[in-house]
Amino acid sequence: MVGRAFEKGADGVLVTGCHLGDCHYYEGNYKALKAIEKTQKILKLLGIEDGRFRKEWISASEGPRFAQVMTEFTEQIQQLGRNSMRSDDAPHDGLTAATSTRSRRASNDVE
């Protein structure tokens, strides 16, 4: 899913989930963490800058922190500019980000 997001023109991808050990999916965020680490290695090999892919552990009760992370990530992606993998025909609205807020989904979808 992450690789596809970049191929389709995403400038950044933010994956969020519950704090490790504090998720009702039990081990979902641990599985997601392993997948995220593999994904980071693959993205590096593809030449995607580190700042374009980020993971954050944020609980549902941390609304202000979630808003802060989203703002910081948006600003970071805007500073990085256009994703070099994006084709000229990919839509671009100044910022594209894919977000997953459920660790279980992330553990199944992260490539």
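Residues numbered from 1 in each chain as written. Predicted model: local features only at pLDDT ≥ 70, side-chain atom pairs only at ≥ 80, totals over all residues. Heavy atoms only, no water.

Turning next to the side chain of T39. Structurally, T39 is set in helix α2 (residues 28-45). For T39, a relative accessible area of 2% translates into the label buried. There is a polar contact of 2.8 Å between the side chain of T39 and the backbone oxygen of A35. (Helix = DSSP H or I, 4+ residues; strand = E, 2+ residues; numbered from the N terminus. Buried < 20%, exposed > 50% of the residue type's maximum accessible area, 1.4 Å probe, protein only. Polar contact = N/O pair within 3.5 Å; in protein donor to acceptor, adjacent residues only side chain to side chain.)

Looking now at a nonpolar patch on the surface. A cluster of nonpolar side chains, I42, L46 and M85, forms an exposed patch at the surface whose accessible area comes to about 260 Å². By relative accessible area, which is 54% here, L46 ends up exposed. (Patch = residues over 30% accessible without salt bridge, like charges linked within 9 Å, V, L, I, M, F, W, Y side chains within 5 Å. Areas by Shrake-Rupley, 256 points an atom, 1.4 Å probe, with all protein chains shown as cover. Salt bridge = Lys/Arg side-chain N within 4 Å of Asp/Glu carboxyl O.)

Counting through the fold element by element, R54 comes out in strand β2 (residues 53-57). Contacts of R54, omitting those with residues within four sequence positions, involve V13, L14, V15, V69, E72, F73 and Q76. (Contact = heavy atoms within 4.5 Å.)

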